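Read off the chains here:
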Amino acid sequence: AGACGAGVPLREPDVSLCMSEQDLLAMFEGSLRPFAAYSSGRLRVQGDLNTAMKLETLIKHLKTT
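Quick summary incoming for the structure in this document. These figures come from a predicted structure and were not determined experimentally.

**Quick word on the pattern of salt bridges**
Taken as a whole and assessed by the stated rule, the structure comprises two salt bridges. The closest approach of N and O atoms between arginine 42 and aspartate 23, which form a salt bridge, is 2.6 Å. Of this pair, arginine 42 sits in the loop between α2 (34-39) and β2 (44-47) while aspartate 23 sits in helix α1 (residues 21-29); the two residues are 19 residues apart in sequence, bridging distant segments of the chain. In this structure, the salt-bridge partner of glutamate 56 is arginine 33, at a minimum N-O distance of 2.5 Å. Here the residue glutamate 56 occupies a position in helix α4 (residues 55-64), and arginine 33 occupies one in the loop between α1 and α2, the gap between them amounting to 23 residues. Owing to a relative accessible area of 18%, glutamate 56 belongs among the buried residues under this scheme.

Structure, rendered in structure tokens:
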């Protein structure tokens, strides 16, 4: 279970991701991989990095539904 959106979360998240709208769109389009965004500083992660790296799996799942 989870939630996403702009601003302050309603409860303490396991992981928080910070990135531009353009980079998020690029991830969903497939032109930017989450690990590449993270290693270049375009994706900032606070919290559990292993959970954050599941973002790529989530994107793939959303694209197939």
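**Considerations on a nonpolar patch on the surface**
Together, Leu24, Phe28, Leu58 and Leu62 make up an exposed nonpolar region whose accessible area comes to about 320 Å². Counting through the fold element by element, leucine 24 comes out in helix α1. Judged by relative accessible area, leucine 24 falls into the partly exposed class, the value being 35%.

**Let's talk about the nonpolar core**
Judged by nonpolar contacts, Ala26, Met27, Leu32, Ala37, Leu43, Leu55 and Ile59 together constitute the single largest core of seven residues. When sequence neighbours within four positions are dropped, the list of residues in contact with leucine 43 reads Leu17, Cys18, Met19, Met27, Pro34, Ala37 and Tyr38.

**With respect to α1**
An α-helical turn contains 3.6 residues, so a residue and the one three or four places further along point in the same direction. Turning to α1, its buried residues number three or more, namely Asp23, Ala26 and Met27. The arc that holds the buried residues of α1, viewed along the axis, is 100°, so those residues lie on one side. Those residues of α1 that are exposed and angled more than 90 degrees off the buried face are Glu21, Gln22 and Glu29. The inward-facing, buried residues of α1 contact α2 and α4. Glycine 30 lies just past α1 and shows a positive phi near 95°.

What counts and what doesn't
Counting from 1, residues in each chain are numbered in the order their sequence is written. Where totals are concerned, whole chains, interfaces and linings use all residues; where local detail is concerned, this predicted model gives features only for residues with pLDDT of at least 70, and gives and counts side-chain atom pairs only at 80 or more. Hydrogens are left out, water is left out, and the side-chain values use all remaining heavy atoms of the structure. Salt bridges are defined as contacts in which a side-chain nitrogen from Lys or Arg sits within 4 Å of a carboxyl oxygen from Asp or Glu. The way it works is that DSSP assigns letters per residue, a run of H or I at least four long becomes a helix, a run of E at least two long becomes a strand, and they are numbered from the N terminus. Only protein chains enter the calculation, and the probe is 1.4 Å; a residue is then buried if its accessible area is under 20% of its type maximum, exposed if over 50%, and partly exposed in between. Residues enter patches when their relative accessible area tops 30% and they take part in no salt bridge; the joining distance is 9 Å for like charges and 5 Å for the nonpolar side chains Val, Leu, Ile, Met, Phe, Trp and Tyr. What sets the accessible areas is the Shrake-Rupley method with a 1.4 Å probe; for residues, cover comes only from the shown protein chains. Here, nonpolar core means buried Ala, Val, Leu, Ile, Met, Phe, Trp, Tyr and Cys residues that are tied together by side-chain atoms lying within 4.5 Å of each other. Note on contacts: a residue pair qualifies if any of its non-hydrogen atoms lie within 4.5 Å across the two residues. Directions pointing from the helix axis toward each C-beta atom define the arc.

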